[in-house]
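Observations on the three-dimensional arrangement
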Amino acid sequence: MNELDLMVFQMAVESVRSLSLSFAEKATEIAIRSRGILLFDVRVDGDAEVQRVAAIRYQGEQTGVLALDRPGLVTHHCMVNGTFSHFIAPLENWHSMPLSMQAKIDANGHASLFLGALRNAGHMLGS
């Protein structure tokens, strides 16, 4: 894992954390400040801890992940590598669709699988 990408990602998260922006706006701003590409930002229904999750791609198959807690107060974050790409790809594809198509396709199952994989690997959620 590229330590510089991790450090820049963490600095961007900290610099945006206190801004009065929505989660989607914060995810976009973090991507801009850290020179990453926002892959997706999705709502998660039915999760006990998380209401939204977003991912930002960096060079070398590194991905910064943001998760907004259920009360909407804390944004957890971590950096993952390419081993999570098969969880990220369906969410990235959904995010790239026009809104009319997004409305017809439920991304919640993919988001839940991604969060489960992150938890199983010991990443974020509670950090």
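Predicted model, so just to flag it, every value in this text is computed and none were measured. (Residues numbered from 1 in each chain as written. Predicted model: local features only at pLDDT ≥ 70, side-chain atom pairs only at ≥ 80, totals over all residues. Heavy atoms only, no water.)

**Points about empty space enclosed by the protein**
The condition that has to hold: Cavity and pocket criteria rest on a 1 Å grid covering protein atoms alone: a 1.4 Å probe that fits but cannot get out defines a cavity, protein on both sides within 12 Å along at least 5 of 7 lines defines an open pocket, and an atom within 4 Å of a point defines a lining residue. Grid points are joined across faces, edges and corners, and a volume is the space filled by probe spheres set on the points. The helix count covers DSSP runs of H or I at least four residues long, the strand count covers runs of E at least two residues long, and both are numbered beginning at the N terminus.
If you walk through the whole model with that rule in mind, you get 1 cavity of 30 Å³ or more. Reported here for the largest cavity is a volume of approximately 40 Å³. Along its surface, the largest cavity is lined by Val13, Val16, Arg17, Phe23, Lys26, Ala27, Ile30, Leu66 and Thr75. Elements represented by at least two residues in the lining of the largest cavity include exactly helix H1 (3–17) and helix H2 (23–33). If you tally residues by element for the lining of the largest cavity, the top one is H2, at 4 residues.

**Quick word on the sheet that holds strand S1 (residues 37–43)**
Selection criterion: For two strands to pair, DSSP has to find at least two bridges joining them. Note on method: axes are straight lines fitted to C-alpha atoms, helices fitted across the in-contact stretch only, with angles between N-to-C directions ranging 0 to 180 degrees.
The antiparallel open sheet is built from 4 strands, whose spatial order is S1-S2-S3-S4. At either margin of the open sheet sits one strand with a lone partner, and together these are S1 and strand S4 (75–80). The sheet shows a mean angle of 15 degrees between the axes of neighbouring strands, direction not considered. Here strand S3 (residues 62–69) runs beside S4; their pairing, made up of 6 bridges, is antiparallel. Looking across to S4, one finds that threonine 63 is bridged to valine 80.

**Re the pattern of salt bridges**
Put simply, the test is: Just to be clear on terms, a salt bridge is a Lys or Arg side-chain nitrogen sitting within 4 Å of an Asp or Glu carboxyl oxygen. Partly exposed describes any residue whose relative accessible area lies between the buried limit of under 20% and the exposed limit of over 50%, with all areas from a 1.4 Å probe on protein chains only and scaled to the type maximum.
Evaluation of the coordinates by the stated rule reveals 7 salt bridges. With a shortest N-O distance of 3.1 Å, aspartate 41 and arginine 52 are connected by a salt bridge. Of the two residues, aspartate 41 sits in strand S1 while arginine 52 sits in strand S2 (residues 50–58), which places them 11 residues apart along the sequence. A salt bridge links aspartate 47 to arginine 119; the nearest nitrogen and oxygen atoms lie 2.8 Å apart. Here the residue aspartate 47 occupies a position in the loop between S1 and S2, and arginine 119 occupies one in helix H5 (residues 108–120), the gap between them amounting to 72 residues. You can call aspartate 47 buried: its relative accessible area is 12%.

**Points about the environment of histidine 95**
Note the following rule: In this description, contact between two residues means that some pair of their heavy atoms is separated by no more than 4.5 Å.
With respect to the element layout, histidine 95 can be found in helix H3 (residues 85–96). Among the residues examined, histidine 95 registers a relative accessible area of 29% and is labelled partly exposed. Sequence separation of histidine 95 and valine 42 is 53 residues, and the distance between their C-alpha atoms is 7.8 Å. Sequence-distant contacts of histidine 95, that is, excluding residues within four places in its chain, are made with Leu39, Phe40, Asp41 and Gln102.

**Here we look at H2**
Inclusion rule: In this description, one arc is meant: the one made by directions from the helix axis to the C-beta atoms.
Those residues of H2 that fall on the buried side of the exposure criterion are Phe23, Lys26, Ala27, Ile30 and Ala31. The buried residues of H2 occupy an angular sector of 135 degrees when the element is viewed end-on, so they sit on one face. Buried residues in H2 make contact with H1, S1, S2, S3 and S4. Just beyond H2, the residue with positive phi is arginine 35, at close to 60 degrees.

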